[in-house]
Amino acid sequence: MLKKMYIDGAWVEAASGETRTIINPYNREKAAEAAEGNREDAKAAIQAARKAFDQGDWPALPAGERGDIVQKIADFIRRDKEELAELETLDTGKTLDESREDMDDIAGVFQYFAALADKDGGEVIPSPIPDSDSKVVHEPVGVCGQITPWNYPLLQAAWKIAPALAAGNTIVVKPSEITPLTTVKVFELIEEAGTPKGAANLILGKGADAGAELSENTDVDLISFTGGIETGKKIMQSASVNVKKIALELGGKNPNIVFADADFELAVDQALNAAFFHAGQVCSAGARLLVEDSIHDEFVEELVKRAGNIKLGSGFNENTQSGPVISAEHRDKVEKYVEIAKKEGAKLEVGGSRPEDPELQDGFFYLPTVFSNCTSDMNIVQEEVFGPVLTVETFTGREEAAAKANDTIYGLAGAVFTTDIAKAEEMAAALRLGTVWINDFHPYFAQAPWGGFKQSGIGRELGKPGLEEYTETKHIFRNKKPEPLHWFK
Ligand SMILES: NC(=O)c1ccc[n+]([C@@H]2O[C@H](COP(=O)([O-])OP(=O)(O)OC[C@H]3O[C@@H](n4cnc5c(N)ncnc54)[C@H](O)[C@@H]3O)[C@@H](O)[C@H]2O)c1
Ligand SMILES: C[N+](C)(C)CC=O
């Protein structure tokens, strides 16, 4: 059945009648057929959201009632977890266990923002002017355009949809054109939860077309984008047309720092997970490993041995540890970076090619790859590959570790492995990153803000800041004994 768009409370095909075939990256088979919307459909969705914001019930609904609807969406996601997880695996190739974990997180995000919906009663502030009242309240921003990537399709959408609705905004969501399946399903749940017509709209289609309309259209008040840095720059530029509020969650080239005093087994195990989880297609992947020189050789030897044993395969096979990359084009990009690394003088320790296993020939697989002898000036160390490619550099001492870790345009996340807590705290303070993990890699949860320093983005998702992104702050001042000023006689 055709996957349709949801505009003004109705499931619709693209106005042009165009469709797109959604491909399973494990075997290139057709996973689904989806409507391929364009600017015309985006405009219709924006108009529906505008009307629902300006004249509809949603922003005016008591915050607790909005919270109840957002909570229902969480409940329905838990109820339909298995179906959603299977769709996510079909669409992205990630393992079913990863998809199940994503669905648990996603339900938790809706629950978290549902609970926050009615907790902000405003704040009375001390006015310096006699006989006056002064208070600060938060109100919804308006119509929010929300654009999401293919690597965590529903999770990244949830981080935007849940707080925006809880705060009383109306939304137009555009998932990646290659992975729309779970977002379509969640809109069925949004409808089932009783969200009023026009409050939540879904458009499908290409970024440069349906997506660009969201950032350019002057009826959109806020644009929230998760994706690549080059797209982020374009969105920032077009959002200036009506000075939209913007939130950008962009890429990373995240350092994973291992000191000689680290727990060796823990650090090797986590370095593998940091780099190769979801075939390295994670914005916060630990793609830059920095190992203290005294343990470098032993560490790399063990890491390489284990990377060579990672079991690739179908996400639906329970023995699979990692799936394919998302598409033929993306694998081409990964291969291009591997060639660049070789030319730059990095030493290929393992991987560096497509697997030979006959079972994997139809999918977009690439072997987990480790390069040693890397230096900060190399492109392979500076640029986001977004695939299963890990670079290893060495350092001596804290100062050099921090300098090398910070030597990038990005500042999303990173980790420090050491048994010396004072050292860990000192490093956490020195790192210019939105998230620092100590003796761990990858944890994120609804309660903690997520976002990047430097060119990794603008703003924060999750936590209380994730709700504040979707509110305007208003100061209301009341003069209790007003009298004419007679300034102008
Ligand atoms: N910081 C984070 O939390 C986070 C999370 C996940 C992914 N990412 C980043 O996402 C990137 C991978 O995702 P991707 O390849 O889907 O990114 P992308 O930038 O190619 O696409 C992201 C989304 O933007 C849309 N788009 C493309 N061009 C557009 C335009 N001109 N105007 C409006 N929309 C447009 C796409 O259709 C898609 O929906 C990586 O760089 C990764 O680091 C960041
Ligand atoms: C934000 N995160 C880690 C869930 C996905 C990044 O690609």
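Within any chain, residue numbers begin from 1 and follow the written order of that chain's sequence. To label them, take the chains in the order written and letter them from A, then take the ligands in the order written and number them from 1. Local features are withheld for residues below a pLDDT of 70 in this predicted model, meaning they are given only at 70 or higher, and side-chain atom pairs are given and counted only at 80 or more; totals for whole chains, interfaces and linings count all residues. Side-chain numbers here rest on the full set of heavy atoms in the structure, without hydrogens or water.

Examining the UniProt feature "active site" (unreviewed entry) in the protein
Piece 1. Per the UniProt annotation, the sites labelled "active site" (unreviewed entry) are E249.
Piece 2. With respect to the helices and strands, E249 occurs in strand β11 (residues 245–249).
Piece 3. Assessed through its relative accessible area of 5%, E249 is described here as buried.
Piece 4. Every residue pair with non-hydrogen atoms within 4.5 Å of one another is taken to be in contact. Non-local contacts of E249, meaning those with residues more than four positions away in its chain, are made with F225, T226, G227, W450, G451, G452, S456, G459, R460 and E461. UniProt positions are given in the numbering used here, feature names are shortened, and annotations may be inferred rather than shown by experiment. Helix numbering and strand numbering both begin at the N terminus, where a helix is a DSSP run of H or I of at least 4 residues and a strand a DSSP run of E of at least 2. Partly exposed describes any residue whose relative accessible area lies between the buried limit of under 20% and the exposed limit of over 50%, with all areas from a 1.4 Å probe on protein chains only and scaled to the type maximum.

Some thoughts on the site of ligand 1
Piece 1. What surrounds ligand 1 is a group of 28 residues, the closest being T148, E177, T231, L250 and E384.
Piece 2. One of the backbone nitrogen or oxygen atoms of T148 is found 2.7 Å away from an oxygen atom of ligand 1.
Piece 3. For the purposes of these results, a polar contact is taken to be a pair of N or O atoms within 3.5 Å, where, inside protein, one atom must be able to donate a hydrogen and its partner to accept one; residues adjacent in sequence count only when each atom of the pair is a side-chain atom. Here T231 contributes a side-chain N or O atom positioned 2.7 Å from an oxygen atom of ligand 1.
Piece 4. Each accessible area is a Shrake-Rupley estimate made with a 1.4 Å probe; only the visible protein chains count as cover when residues are assessed. Bound to the protein, ligand 1 loses 88% of the 850 Å² it would expose on its own. One heavy atom within 4 Å of a molecule or strand is enough for the residue carrying it to be called near that molecule or strand.

Regarding the UniProt feature "domain: Aldehyde dehydrogenase" (unreviewed entry) in the protein
Piece 1. Per the UniProt annotation, the sites labelled "domain: Aldehyde dehydrogenase" (unreviewed entry) are residues 11–476.
Piece 2. Secondary structure within residues 11–476 divides into 40% helix and 19% strand; the distance between the first and last C-alpha atoms comes to 41 Å.

As for the packing of helix α3 (residues 81–92) against helix α6 (residues 181–192)
Piece 1. In this description, a line fitted to the C-alpha atoms serves as the axis of each element, helices being fitted only across the stretch in contact, and the angle between N-to-C directions of two axes falls anywhere from 0 to 180 degrees. It is the contact of α3 with α6, at a shortest axis distance of 8 Å, that shows an interaxial angle of 155°. Overall, the two elements α3 and α6 adopt an arrangement that is roughly antiparallel. In this structure, α3 uses E83, L84, L87, E88, L90 and D91 to contact α6, whose residues at the interface are L181, T182, K185, V186 and L189. Oblique is the label for any angle not under 35 degrees, not over 145, and not in the 65 to 115 range, which are roughly parallel, roughly antiparallel and roughly perpendicular in turn.

Details of the side chain of H330
Piece 1. You can see H330 is positioned in helix α11 (residues 328–344).
Piece 2. At a separation of 2.7 Å, a polar atom in the side chain of H330 contacts the main-chain carbonyl oxygen of F386.

Points about unusual backbone geometry
Piece 1. Here the phi dihedral of K454 falls at roughly 50°; this positive angle occurs in a residue that is not glycine.
Piece 2. Looking at where K454 falls in the secondary structure, it is placed in the loop between β18 (435–438) and β19 (457–458).
Piece 3. The class for K454 is partly exposed, based on a relative accessible area of 35%.
Piece 4. In the Ramachandran plot, L462 falls in the positive-phi region, its phi being about 65° despite a non-glycine side chain.
Piece 5. With respect to the helices and strands, L462 occurs in the loop between β19 and α15 (463–468).
Piece 6. Residue classification places L462 among the buried positions, given a relative accessible area of 1%.

Things to note about the site of ligand 2
Piece 1. Within the structure, ligand 2 sits among N151, Y152, L155, Q156, W159, V282, C283, S284, Y444 and W450.
Piece 2. Here N151 contributes a side-chain N or O atom positioned 2.7 Å from an oxygen atom of ligand 2.
Piece 3. In the environment of ligand 2, an oxygen atom lies 2.7 Å from a nitrogen or oxygen atom belonging to the backbone of C283.
Piece 4. Coverage of ligand 2 by the protein chains reaches 98% of its 250 Å² of free accessible surface.

Considering the pattern of salt bridges
Piece 1. The term salt bridge refers to a pairing of a side-chain nitrogen on Lys or Arg with a carboxyl oxygen on Asp or Glu at a separation within 4 Å. By the definition in use, this model includes 35 salt bridges.
Piece 2. With a closest N to O distance of 3.7 Å, K206 and E36 form a salt bridge. Of this pair, K206 sits in the loop between β9 (200–202) and α7 (207–216) while E36 sits in the loop between β4 (30–35) and α1 (39–54); the two residues are 170 residues apart in sequence, bridging distant segments of the chain.
Piece 3. The class of K206 is partly exposed, set by a relative accessible area of 39%.
Piece 4. Between R398 and D420 there is a salt bridge, with its nearest N and O atoms 3.8 Å apart. Taken together, the positions of R398 in helix α13 (residues 397–406) and D420 in the loop between β17 (413–417) and α14 (421–430) put the pair 22 residues apart, joining distant regions of the chain.
Piece 5. The exposure class of R398 is partly exposed, given its relative accessible area of 30%.
Piece 6. Each member of the salt-bridge network shares a partner with another, and the members are R79, D80, E83, K185, E188 and E192.

Overview of the packing of aromatic side chains
Remark: the centre distance and the inter-plane angle together describe each pair of aromatic rings, the angle taken between the planes.
Piece 1. Pairing of aromatic rings covers Phe, Tyr and Trp, the last counted by its six-membered ring, and requires centre-to-centre distances within 6.5 Å; plane angles under 30 degrees mean stacked, over 60 mean edge-to-face, and any other angle means tilted. The full count for this structure, using the stated rule, is twelve aromatic pairs.
Piece 2. Pairing Y6 with F187 gives two aromatic rings, centres 6.1 Å apart and planes at 55°, and the pair type is tilted. Here Y6, found in strand β1 (residues 5–7), pairs with F187, found in helix α6; they are 181 residues apart in sequence, far enough to count as distant. Taken individually, Y6 and F187 each receive the classification buried, so the pair is uniform in this respect.
Piece 3. Relative to F386, the ring of W150 has its centre 5.4 Å away and its plane inclined at 70°; by these criteria the two rings are edge-to-face. Here the residue W150 occupies a position in the loop between β7 (143–147) and α5 (153–166), and F386 occupies one in the loop between α12 (379–382) and β16 (389–395), the gap between them amounting to 236 residues. For the pair shown, W150 and F386 are each scored as buried.
Piece 4. Here the aromatic cluster, defined as three or more aromatic residues joined through ring pairs, consists of W159, W437, F441, Y444 and W450.

A closer look at the packing of α1 against α7
Piece 1. Taken N-terminus to C-terminus, the directions of α1 and α7 make an angle of 40°; their axes are 8 Å apart at the nearest point. At the point where α1 passes α7, the crossing takes the right-handed sense. Residues R39, A42, K43 and I46 of α1 form the contact with α7, whose participating residues are A208, D209, A210, A212, E213, L214 and E216.
Piece 2. Each residue is assigned to one class: nonpolar for Ala, Val, Leu, Ile, Met, Phe, Trp, Tyr, Cys and Pro, charged for Asp, Glu, Lys and Arg, and polar for all the others, Gly among them. Of the residues that constitute the contact of α1 with α7, the class distribution is six nonpolar, no polar and five charged. For any helix crossing, the convention is left-handed if the near helix is rotated counterclockwise from the far helix by under a right angle, and right-handed if that rotation is clockwise.

Points about the sheet that holds strand β6 (residues 132–140)
Piece 1. Spatially, β5-β6-β20 is the arrangement adopted by the three strands of the open sheet, whose pairing is antiparallel. Both outer strands of the open sheet, β5 (123–124) and β20 (471–479), are each paired with one neighbouring strand and no more.
Piece 2. At least two bridges found by DSSP between two strands are what make those strands a pair. In this sheet, β20 lies alongside β6 in antiparallel orientation, the contact comprising nine bridges. Looking at β20, one finds that P140 is bridged to T471.

Details of the environment of F441
Piece 1. Mapped onto the secondary structure, F441 falls in the loop between β18 and β19.
Piece 2. Judged by relative accessible area, which is 3%, F441 ranks as buried.
Piece 3. Placed 166 residues apart in sequence, F441 and A275 show a C-alpha to C-alpha distance of 9.7 Å.
Piece 4. Contact partners of F441, with chain neighbours within four places excluded, come to P255, N256, Q270, A274, S284, A285, G286, G414, A415 and F417.

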